[in-house]
Every structure is written in C-alpha cells, then in structure tokens.
Number of protein chains: 2
Amino acid sequence: MSLVVHRRNLDFLLYETLGFGTVLSAPRFAGYDRAAVDAVLDTVQAIAENEFLPCAADLDAHEPHFTEGRVQVDARVRRALGACAEAGLFSAGFDHELGGLGMPATVTMLINGILAAANIGIANYQLLTVAGANMLASFGTDEQKLLFLRPMMEGRWFGTMCLSEPQAGSSLSDIRTRAEPLEGRLHRITGTKMWISGGDHDLTENIVHMVLARRPDGPPGVKGLSLFIVPKYRVGADGTPGEFNNIALAGLNHKMGQRGTTNCLLNFGEGGDCLGYLLGEPHQGLACMFHMMNEARIGVGANSAMSAQAGYLYSLDYARTRPQGRPLRNKDATTPQVPIIEHADVRRMLLAQKVAVEGALALSCYCTMLVDRMATATDETERRDLHLLLELLTPMAKSWPAEHCLEANKLAIQVLGGYGYTRDYPVERHYRDNRLNAIHEGAYGIHGLDLLGRKVRMEGGWAMDLLVLEIGQTQDAAEAQGGFGDEIDALHGALAGLGRATRAVLACKDPEHALANATLYLDGFGQIVIAWLWLKQAVAASRALESGTGAGETDFHQGKIAACRYFFRYELPRALPLLVLVERLDSTCLDVTPAQFLGD
Amino acid sequence: MSLVVHRRNLDFLLYETLGFGTVLSAPRFAGYDRAAVDAVLDTVQAIAENEFLPCAADLDAHEPHFTEGRVQVDARVRRALGACAEAGLFSAGFDHELGGLGMPATVTMLINGILAAANIGIANYQLLTVAGANMLASFGTDEQKLLFLRPMMEGRWFGTMCLSEPQAGSSLSDIRTRAEPLEGRLHRITGTKMWISGGDHDLTENIVHMVLARRPDGPPGVKGLSLFIVPKYRVGADGTPGEFNNIALAGLNHKMGQRGTTNCLLNFGEGGDCLGYLLGEPHQGLACMFHMMNEARIGVGANSAMSAQAGYLYSLDYARTRPQGRPLRNKDATTPQVPIIEHADVRRMLLAQKVAVEGALALSCYCTMLVDRMATATDETERRDLHLLLELLTPMAKSWPAEHCLEANKLAIQVLGGYGYTRDYPVERHYRDNRLNAIHEGAYGIHGLDLLGRKVRMEGGWAMDLLVLEIGQTQDAAEAQGGFGDEIDALHGALAGLGRATRAVLACKDPEHALANATLYLDGFGQIVIAWLWLKQAVAASRALESGTGAGETDFHQGKIAACRYFFRYELPRALPLLVLVERLDSTCLDVTPAQFLGD
C-alpha cells in the first residue's frame, strides 16, 4: 500500500460520490477523461513517493540555514521541484492560451495534496508559486505575464505572498508597507513583511513577491491597499534577472513544523531602492489577492486532510502489524499477542481518523468541483448559485480539516504509542506540520466571523437555502436507498438547530454580541456539512453494494458505510451543544473581564 | 507576573477550596504550616525561574548527544539539579526517619509541577529519581536503603524506571528480560529495555535502574515479574561505585518533546555480567512497581496541567499586550488597534485554557490530598474509603489533563498566531512536551479499561457511591450559597447519565462489548469530575466575595465564578453524548473489520 495517498478513496469520491465524470465531460476539459486524470495522478504519486517522501524526515531535522550571505536549501528540494516542473505541474491549472495544461481545479488540488502528504516542506514552494502566478494570470498586463508569469509557470522562478507584517497579521487594515509611484506601473517599495514562506532561498534564479502595500493616495484601511509584483532581482526587458532589488532577509523564522520551507522576515528597500510593479488597479490589492482566495483556502484544507491521511495510512499499517496485548476475553499470557487493530479502542482511533480524512477530502473535492462547475457553467444563474455555495462552504473547507485532521494526526501518534512520539516515525511530523493550518490563510476565528458575519447573510441567506436544498437531495437519495433512517433524522435535527442558531444571530443587532460565538458556529456548521458528505458517501457505497458494481470491493464499500455510522454516532452529537450556545447568544466570553483571568 | 506558576491560584485551591489547612494540622505534618509550605514553594519557584526556565528553549533545540562513548548532557542541567539537591527537594517527601523532610504528597506534587512547568526536560530526572527512591523506601532492605536510597535522596545518583521493552509496552505480560538467581538477592540480568528516560547520562556518578524482569521460576504473564535494583556501576560495600555493570546504551530515542531528557534503549548484560538485586519478594515486581503508581500517575497529570498553565500564562500576557484589530462595532482603521484580549474569541480561548488548567490542578490537588489524608487517617474505615476514592479518581487525574491540557496548549499557540508556531516562543514547546502525557505511565485507552473494567467495580461500586456523596456535598453547599441552580441541575443530569452508563456496562457479561467504549467513559466521567471541582471552586469564591474575606480580590474570585459558568456551558454538554454511547453499548468500533478501513 502507498503511504502517501489512498487512490481508491479519491476515485470513490470523484466518480462514485461527487459526479466528477460530468465535470470532465464539459467541452472546457475536452483533453481530460478519467484515464487522463489517472495518468496525471500516477505521475504525481510517483514524484511524491520517489522525490518528496524519502527526504521528508531529513529536511525536517535540518532546516534551511543562512550561510555566506544566503539561505541554503538542501539540493534534494531543488531536484524534487525540478521533477514537478518537468512534469508540467506548475502550469497544470492554467488556461491553454497562457501555455498551461488547462486541468480542472479539482485535479490541481489533488496534485498539491499528494505532494503535501509526502513532504509539505517542499510542496509549499510549488503552491505559493502557483498562487502568485494565478494572480498574474488574472490581473497582469501582457508584459507582466511575459516577464513574470511565464518563468513561474515553467517552475524556473518561484513566488511568494507578502501580506503580513510584524504588527499586522489578522488585521490587514494596518499594513504599513509603502509604495511610492514613480512612472507608469513602477513604484518604490519600502516596508517590512513577516511570515513570508519561500521568502528567500537559492533554489531559483529569481523570486517573485506579490506584495500588499499602500500608496500615498490610498485611503486608510484595506481599501487603500494595492498589489505589487516585486522581484528579488530586477528583470530586464529580455526577461533576464539582473540587479539585486534590495529585499533584505532580516530573519529566518524557526517553526514547529513545515520546516523544509524557509519562512522569512523581509525588509523591502533596505540599502537601496526596491522597485515594484502595480498589478491590477490601484487600491484594489485586496480584491486581487482575494480573487483566488477561495481556491487557496480550500487548498489549505485539502493539504491538512492529506497530511492527516498520511498519518492515517501509517498508523493503520502499524496497527495491522504490531502485536500487543490480547483480547479482553483472553488473559492467557502464553497465547500469542494479537495485532493492535483487534482492540476496540484502536479501531475507534482509526475510525476517527478515517472520518476526518475522508470527510475532509470529500469537502475539498466538492468545493473544487464547484470551482470547475463555475468554469463550465453556461447559465449565469447557475454560475451565481455555484459561486454562492462556494463562498459559504469555503470557511468550513479551510477550517474543519485544520481542527479535525490535526486531531486525526494526534490519534495516529497515539496508535503508535511511544514510537509515534519519536522522530523516527513520520506521524509526529505530520502533527507538527498540520498545526499551522489553523493559523495561516486566515486564523481559525477569522473564518468564523467570515461565515457568520458575512457569508450566511449574502443575498438574503440564499446560499444557506441552496445548501439546504443540496443536503435535502442527499436525504431523499438516502430515503430511497433505505437503511439510513437514523442518519436522515439526525441530519434533520442538526439542520434545525443550525437554522435556529442562524436566525437568532441575524436577529441580533449588536455585532459583538451576535458574533461572540462565531467560532462555535463555524465548528458546528462544519460538522453538519461533513455529516452530509458522509451520508452522501454511504448512499453511494450502498448503491454500489446493491447494484453489484462494487463486486470484489465489498470491504471498501462497507467500510464507507461503517465510517458514516461512526460519524453520525460518535462525532455529530458532540457538535450540537455548540449551536445551542450560538442560538441563545451566550455572552459568557464577552462578560468575563481581562482582569478576571488572573485576578488583581 | 510569573510565567511559571500562578501562586494565587494554588493558594485558592489548597486553602480556600480543598481544606489543605486541615491536612497540615495533623501531627504527622507538625513541621509544616502554611507559612512553611509557602517558603518551600518560594524556593522552588526561584529555582524554576532562575535555573530551569532560562535554558528551556536551548535544551529543547540541542538534545543530549552521544559523543566519545558517552551521553553528554548540557552543564546547565547538572547545575539546575544541583540546586534542587541543595534545597533538599529530592528528599522532600520521605519520612524523617529515612532522612527525608516529611512533606505532604500535595507539596511534593507541586514542587515537581513547578519545576516541570519551567522545564520538564530537566525536571524528569528528579521525578524519576524520587519515584525509584520511593520503591526503595517501601520495599528495600536496610542494606539496599543504605547503598541506594541514600545517594538518591541526596540527589547524588539518579534513578530510572525500566518497564517497557521493544515488544512489550502496554502489555507488560510480555516482558522478556530475564533474571537468573545467583545468591541471596543477587541476580544476573539479561534483556533489552525501551523508552528509558534518564537511562544514560553523565550527570551523576551512578544511575540506579529499577528493572522488571522474569525469573526462571516465575509463571507466565505479569504474575511472574520481579523487581530488581540494577546500578549502572556496581556498588561496593562502602557505597562507592566501581566496575561497569554492563548496561549498554543501544540507542537514544529522538522525541517530539521533552527533549532535554535522554530517552534510551538499554541492553542489560551485553558484553558481560549485569548484576541486579531483588527488591521485595520474587514475582511481586508489578505490585511493588504499582505501589506508588497512583502518585506517579497523579504527578503526570499535574505536570500536564502545569505545562498547560505555563502556556496559559504566556498567552494571557501576550493577549493583554498585543494590539491587533478593532472591536466589531468599529471598523475605522484610523483608530488605534486594541489588545487582542478585547476580542470575544480570544477570551474564549483563554477561558478554555483557564478551565483546563485550574480544573486539572484542582483534581491533582484533591487526589494528592487523599494520599495525605490516608497518611494521617486514624480510622481504618476512613482510610479505606480514601483509598477507594483515590483508586477511582486516579485514571481521570492522569488522563483528563493529558487530553484537555494538551488542548489548552494548542489554544495558547492559537492566541499567539504565527508567533506561537515558532520556536522563539515557548508555547509550541509546551504543546510538544505535553503530547507525551497521554502515552507514558499507561496509554490513554489503558486508563479507560482500568476505570470501567476494574475501578468502578471495586467493592460493589462503593468507590462510585463515595464520589457521588462527595459531589452531593458540593451540590448542597452550592444550593445553600445560592446562584448556582443551573450548575446543580446540570451536574445532577450528568451524574444520572453516568449512572445509567455504568449500570449498562456492569450488566453486560461480554467484556469486549462492555468495554468497547471505555475511553469515552473515561473522558465523560472526567468531565463530570472537573465540573464538580469547578462548582466547588465557584462556591468557595462566592463565599469569599460575600463574606468580605476576598476584599481587594474581587476580580480573582469573580474570575473563578466566570470560569465555572464557562465550563458548565461550553464544556460539560459536549461530554454527555459520550456517555449515551457507553450506555447503549454501541458496537460501531467492534463491528468494523480491519479490511474495511481501506478495502480489498
């Protein structure tokens, strides 16, 4: 078995549960049928297993370091990313007319996820480059595309996202980096950016930073931010990197995980002029940055799920082979020990991982398929509805895995016991890596505010109605299939609780009070969405078993149904009390004063 | 404020909530009044802050390493432990007649906890030495005490616990290390021991291993295990360490956290005879080892809580001073940012930490006071009851913090955002350190089996009855105090659910089925115990506010009441669905087959 990806599960999600075949049949994706997608994923899996996985522990143990005036990155990182470039993975999702391979967003998400499962420390360089290239593709002038987008799509130059500053993390309003207009799109950039992943390294001949900065004519707050292309080395008209652009590495951050990726404090314009090129319109920087934000956030969630999947596969393999203890009915120490998967509590820990990993991946796939369906929709109303659903689900797609797949990683360690706590086994590394996902791309609490403060209110709550309709279709299908009465009832009850909570918040005029429990709402809502997607999977599995299309795969499909039962029985009920607190606008957290935590 | 320990909280728990003053008034503790205990804790806090804390990050980053044939440990570790020895901390809990200081178990638990909060990597050497010395004090011959106990109590030699082997972790039945009788108590030891904390180092002139091994005349299983004193260097009749005793360091384990402590694979009897001395009776090894087990397990829980307390204090301090964002009512970016403690979700994360830390510490203190009350009890029935309560509560005292205080550490990281994810701040280190506590001293699931399979059945369930009586007294006090109607009702409801779950399990004859959800029972039961202890704290705080004894400390006592409300509203309701699963003997985890996890 692969320890990087469970392909059978991906196939089940894409083709048996979520209808990816229909997406592929659209003219836009004419070059891709299921066999072509399989071939792409085969290639990616091979790169992940051969180039990414073998050095993962070693890169974690030996971080990039600053020597002789530059950040030195292990040669295996360059080789692994070279293999990605050679396979065209940097350009996979871009339109054909830009020189890309025109793959569906669902496929590029899985490409990233498989690489991340093997070694997120390397994969990050690719993810960030593609994210930056996406903005260039959407907002760049022809010249900007020629100079910057092309080498990024070829994987010759890497990219970064420069939003945060030491004093401005969650609050982008407070960004201070300045951009002084020179001529045309040219600006002089000065300021300090923090937490810049891939911010400096010696992997490529240039690094293209996408920098949020404020022009003197910009209003205060986020409405005064513009976006700039700021290369490490200035680029001549022929596309050749030349003079150093005065971006000083002020420090490397030493992280708990994802240690293969450099993470930097950068000073722009220290020691000389730093030149940047305006991307898109002035003062529209955040809008440009957020243009691809849903996809980026879904990607973070997917990578979190894939990281947990790696832990799940490893701990499952371990549980099947590690003898320890005996059944509770047998205390005879002279009989052989049994594999620990025979113990109920170990199965519980494996089921908990399975529902987290495969539930989260179902959500990731569902969301990227919304992106793909938007791209292929021929009807404007349909496209709008798909967009609304995507907007609504994105906070969950990003945050649910960050919480619950981290928990899965924790359980993978537990299955291995003492061994799992050592760096000789990969499970603790995945746990450390995954801890970042509730922090970056919007901290956990921010997504709660986004969901309850903005998303559920969009267009009079139409997005919520759309989701309830979608869920209703699954309930109907489950009803028709039979055998899911408990799950249908539980989902009904949970949706009713969600509705009550939502209405209570919408009726409250004071935002502090209304949103005091937004994080709980995010988590409770997420549990309901995952429950729905588990029911959807179980119905698909039940159909396969009944129709005989799942012949020879009885265990696989029965496992899906078992996992669905587990989620509804063990996980969903724990979420409902959260929604009760939201509904009654509980103010416990507002009422406590700062002085009461410790006392006088 | 101290970043190591919140002394005001300890005082509140000991003297205002749990009645430690009464314990101190017993003749056995004649040397200790509150002022004397304060002085001890002052000394310990000073050692922790001056010797343990400053090097914590550095020792974490630079593990002990094997060079020139020996394990080299940083000199600061020796100095810190030297300060402990000088202050008499190694002998703190031992009887005066042994040369100890005769301190109550509650005080020694707090000594260890304060040191662990500052730097668990160093504190472990002390904890293990004291644990080994405790067994010598209980079961050693006079000669053994003279030769081994004395230098350990003086902190000149350190100790270890050698239970696990590569093939025998949770299943001690399967220990293979052999002990061949030579003459008298002398045996020849051969075998391999795994996960030995402090197993080798150059800190002291000798290391005393307490080794579980099997004599040829021992029956299979745990009933054939005996306990041996096995020094690294053989000890002459004059107590001088001499010849190497052939304990080979076969490997250092590289852990995720607690990295300041060496953790070793040891081969006994490799390259020559390894001599060990039988401690206690043959085949009574496990009983000897478990003699102090309740205290050791409570200590693990307390250290977990103290580690989380360190994260709580750090993140609270950060939240009070870090400006970021504005109130939701004010979007004006030209106004100053507010400290993040002004945001409801940050307060939620701080309250969640507070209830975990102070709830767990209340349980630790309650349990060690049972130990102290047993030691001072004059009535045999009373002592038996105290012992039963201690037996019942120990699985929770060990496991509840391991789960919920780890969660607290996770939230401390979240409060710090990106900063929290770096090794420049201590919160991620505490998180990594704390992850071990659900694994060692009995893995999490083992304690569930212990609780539901053994403890609740003791003496016809009398321990449970005793606990319910204790809780009832708190409910009565809360009733009398007034203002806690919701909490009293919630606790009633939760206890009823616990009772139903317990009865259902006791009525089930098949142990596999009955214990399939033992871990959920452990967690649900733990939540109820912590809820009870929060109500107890809130009643004490309410009394202090009412009586005026808390004058000038209104915030402190109101904070206790606020935290109690938070626990009952936000935490307790999530536990109850767990007990429903136990009650209905849910077999989801038993029914899933190993093949169903991945499929064919």
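Residues numbered from 1 in each chain as written. Chains lettered and ligands numbered in written order. Predicted model: local features only at pLDDT ≥ 70, side-chain atom pairs only at ≥ 80, totals over all residues. Heavy atoms only, no water.

Draft legend 1. Just the overall build of chain A, in detail. Looking only at helices and strands, chain A has 19 helices and twelve strands in total. Taking the principal axes of its C-alpha atoms as reference, chain A extends roughly 75 × 65 × 60 Å. Counting every position in chain A, which comprises 600 residues, the buried fraction comes to 64%. Here the contacts in chain A between residues at least 6 apart in sequence split such that 75% fall between residues at least 24 apart. Averaging the positions of the 54 positive and the 69 negative side-chain charges in chain A gives two centres separated by 3 Å. (Helix = DSSP H or I, 4+ residues; strand = E, 2+ residues; numbered from the N terminus. Buried < 20%, exposed > 50% of the residue type's maximum accessible area, 1.4 Å probe, protein only. Contact = heavy atoms within 4.5 Å. Lys, Arg positive; Asp, Glu negative; His and termini not counted. Charge placed at Lys NZ, Arg CZ, Asp CG, Glu CD.)

Draft legend 2. Here's a closer look at the interface of chain A and chain B. Contact residues are listed per partner, giving 109 residues for chain A and 109 residues for chain B. Buried surface at the junction of chain A and chain B, both sides included, amounts to about 9400 Å², of which 56% is carbon and sulfur. When the buried surface of chain A facing chain B is broken down by residue, Tyr421, Phe597 and Leu598 of chain A rank first, second and third, together holding 10% of it. One salt bridge connects Glu63 of chain A with Arg423 of chain B, and the closest N-O pair in it is separated by 2.6 Å. Applying the counting rule to chain A against chain B returns 67 residue pairs in polar contact (both at pLDDT 80 or more). Ranked by residue count, the leading element in the side of chain A that touches chain B is helix 18 (residues 554–583) of chain A, at 14 residues. Residue classes in the side of chain A that touches chain B are distributed as 47 nonpolar, 30 polar and 32 charged. (Buried area = accessible area lost by both parts, 1.4 Å probe. Salt bridge = Lys/Arg side-chain N within 4 Å of Asp/Glu carboxyl O. Polar contact = N/O pair within 3.5 Å; in protein donor to acceptor, adjacent residues only side chain to side chain. Nonpolar A, V, L, I, M, F, W, Y, C, P; charged D, E, K, R; others polar.)

Draft legend 3. Expanded view of the environment of Ala516 of chain B. With respect to the helices and strands, Ala516 of chain B occurs in the loop between helix 16 (511–514) and helix 17 (518–547). In this structure, the C-alpha to C-alpha distance between Ala516 of chain B and Leu590 of chain B, residues 74 residues apart in sequence, is 6.8 Å. Sequence-distant contacts of Ala516 of chain B, that is, excluding residues within four places in its chain, are made with Ala344 of chain A together with Asp586 and Leu590 of chain B.

Draft legend 4. Structural detail: helix 15 (residues 485–506) of chain A. All names here are of chain A. Taking 1.5 Å of rise per residue, 22 residues should cover 32 Å, and helix 15 covers 32 Å from first to last C-alpha, within 8% of that figure. The complete set of buried residues in helix 15 reads Glu487, Ile488, Leu491, Ala494, Leu495, Gly497, Leu498, Gly499, Ala501, Thr502, Ala504 and Val505. Summarising the contacts, the buried residues of helix 15 are in contact with helix 13 (444–453), helix 14 (462–481), helix 16 (511–514), helix 17 (518–547) and helix 18. (Expected span 1.5 Å × (residues − 1).)

Draft legend 5. Molecular detail of the pairing of strand 9 (residues 241–244) of chain B. Residue and element names in this part refer to chain B. Across two bridges, strand 8 (residues 233–235) lies against strand 9 in antiparallel orientation. Following the sheet pairing, Tyr233 is matched in strand 9 by Phe244. If you look at the hairpin formed by strand 8 and strand 9, you'll find five residues sitting between the two strands, and Gly239 has a positive phi there, around 85°. (Pairing = 2+ DSSP bridges.)

Draft legend 6. Expanded view of the relation of the copies chain A and chain B. Superposing chain A onto chain B takes a rotation of 180° plus a shift of 0.0 Å along the axis, which leaves an RMSD of 0.0 Å. Such a combination of turn and shift is consistent with a two-fold rotation axis. Considering only C-alpha atoms, the part of chain A nearest the rotation axis is Arg574 of chain A, at 2.5 Å. In this assembly the copies share their binding face: 100% of the residues contributing to the interface of chain A also contribute to that of chain B. (Least-squares fit on C-alpha atoms with pLDDT ≥ 70 in both.)

Draft legend 7. Region of the structure containing the packing of helix 11 (residues 380–416) of chain A against helix 17 of chain A. Residues and elements named next belong to chain A. Between helix 11 and helix 17, whose axes approach to 9 Å, the crossing angle comes to 95°. Between helix 11 and helix 17, the angle falls in the class roughly perpendicular. Packed against helix 11, whose contacting residues are Leu392, Leu393, Pro395, Met396, Ser399, Trp400 and His404, the element helix 17 presents Leu522, Asp523, Phe525, Gly526, Gln527, Val529 and Ile530 at the interface. (Axes fitted to C-alpha atoms, helices over the stretch in contact; angles between N-to-C directions. Parallel < 35°, antiparallel > 145°, perpendicular 65-115°, else oblique.)

Draft legend 8. Spotlight on the environment of Thr335 of chain B. Residues and elements named next belong to chain B. Secondary-structure assignment places Thr335 in the loop between helix 9 (293–321) and helix 10 (344–376). Sequence spacing of Thr335 and Gly325 is ten residues, and the spatial spacing of their C-alpha atoms is 9.9 Å. What Thr335 contacts, discounting residues up to four positions off in sequence, is Arg326 and Asn330. Looking at Thr335, its side chain comes within polar contact range of the side chain of Asn330, at 3.0 Å.

Draft legend 9. Structural context of the environment of Gly526 of chain A. Within the secondary structure layout, Gly526 of chain A lies in helix 17. Residues Gly526 of chain A and Ala477 of chain A lie 49 residues apart in sequence; the distance between their C-alpha atoms is 21 Å.

Draft legend 10. Structural view of the state of the cysteines. Summed over the entire model, instances satisfying the criterion amount to zero disulfides over all chains. Free cysteine: Cys564 of chain A, not disulfide-bonded; nearest cysteine sulfur from Cys589 of chain B at 14 Å. Left unpaired, Cys55 of chain B is separated from the closest cysteine sulfur, that of Cys84 of chain B, by 11 Å. (Disulfide = S-S within 2.5 Å.)

Draft legend 11. Summary view of the pattern of salt bridges. Under the definition given, this model contains 80 salt bridges over all chains. The shortest N-O distance in the salt bridge between Arg156 of chain B and Glu154 of chain B comes to 2.7 Å. On the basis of relative accessibility, which here comes to 38%, the residue Arg156 of chain B falls in the partly exposed class. Look at Glu154 of chain B and you get partly exposed, because its relative accessible area is 36%. The closest approach of N and O atoms between Glu243 of chain B and Arg234 of chain B, which form a salt bridge, is 3.4 Å. What makes Glu243 of chain B exposed here is its relative accessible area of 55%. By sharing partners, the salt bridges in this structure join Glu391, Asp450, Arg454 and Lys455 of chain A into a single network.

Draft legend 12. Spatial organisation of the packing of helix 9 of chain B against helix 12 (residues 427–434) of chain B. Residue and element names in this part refer to chain B. In the contact formed by helix 9 and helix 12, the axes pass within 9 Å of each other and the chain directions differ by 165°. Classified by the interaxial angle, the pair formed by helix 9 and helix 12 is roughly antiparallel. Crossing hand, helix 9 versus helix 12: left-handed. Together, Ser304, Ser307, Ala308, Ala310, Gly311 and Tyr314 of helix 9 and Val427, His430, Asp433 and Asn434 of helix 12 make up the contact between the two elements. Of the residues belonging to the contact of helix 9 with helix 12, the class tally is four nonpolar, five polar and one charged. (Left-handed = near helix turned anticlockwise from the far one by under 90°.)

Draft legend 13. View of a negative patch on the surface. All names here are of chain A. A contiguous patch of negative charge on the surface is contributed by Asp476, Glu479, Asp486 and Asp489. Mapped onto the negative patch, the elements with two or more residues apiece are helix 14 and helix 15. Among the structural elements, Asp476 can be located in helix 14. (Patch = residues over 30% accessible without salt bridge, like charges linked within 9 Å, V, L, I, M, F, W, Y side chains within 5 Å. Areas by Shrake-Rupley, 256 points an atom, 1.4 Å probe, with all protein chains shown as cover.)

Draft legend 14. Here's a closer look at the side chain of Glu571 of chain B. All names here are of chain B. When you line up the elements, Glu571 lands in helix 18 (residues 554–583). No salt bridge is formed by the buried Glu571. Its closest oppositely charged neighbour is Arg574, at 5.4 Å. Residues contacting Glu571, with those up to four places away along its chain left out, are Ala352, Val355, Gln527 and Tyr566.

Draft legend 15. Structural detail: the confidence of the model for chain A. Averaged over all residues, the pLDDT of chain A equals 96, while 100% of them reach at least 70. Both confidence scores are given for the complex: pTM 0.98, ipTM 0.98. (pLDDT = per-residue confidence, 0-100.)

Draft legend 16. Broad picture of the side chain of Arg297 of chain B. Residues and elements named next belong to chain B. On the secondary structure map, Arg297 appears in helix 9. One buried charged side chain, Arg297, makes no salt bridge at all; its nearest oppositely charged neighbour is Glu441, positioned 4.4 Å away. In this structure, Arg297 is in contact with Phe290, Thr394, Ala397, Lys398, Glu441, Gly442 and His447, ignoring residues within four places of it in sequence.

Draft legend 17. Spotlight on the packing of aromatic side chains. Scanning the model with the defined rule gives 29 aromatic pairs over all chains in all. When the ring of Phe12 of chain B is compared with that of Phe556 of chain B, the centres are 5.4 Å apart and the planes differ by 75°; the resulting orientation is edge-to-face. Taken as a pair, Phe12 of chain B in helix 1 (residues 7–17) and Phe556 of chain B in helix 18 lie far apart in primary sequence, 544 residues in all. For the pair Phe12 of chain B and Phe556 of chain B, a shared accessibility class is recorded, and that class is buried. Pairing Tyr314 of chain B with Tyr425 of chain B gives two aromatic rings, centres 6.3 Å apart and planes at 80°, and the pair type is edge-to-face. Here the residue Tyr314 of chain B occupies a position in helix 9, and Tyr425 of chain B occupies one in the loop between helix 11 (380–416) and helix 12, the gap between them amounting to 111 residues. Through pairs of rings, three or more aromatic residues link up here, namely Trp195 of chain A together with Tyr314, Tyr419 and Tyr425 of chain B. A cation over an aromatic ring shows up here: Arg8 of chain A above the ring of Phe556 of chain A, its NZ or CZ 4.4 Å from the ring centre. (Phe/Tyr/Trp six-rings, centres within 6.5 Å; stacked < 30°, edge-to-face > 60°. Lys NZ or Arg CZ within 6 Å of the ring centre and 35° of its normal.)

Draft legend 18. Geometry of unusual backbone geometry. Residues and elements named next belong to chain A. At Trp195, a position not held by glycine, the phi torsion is positive, near 65°. Position of Trp195 relative to the elements: it lies in strand 5 (residues 186–197). We note that Asn246 has phi near 60°; this positive angle belongs to a residue other than glycine. Turning to its location among the elements, Asn246 is positioned in the loop between strand 9 (241–244) and strand 10 (247–252). Classification of Asn246 as buried rests on a relative accessible area of 14%.

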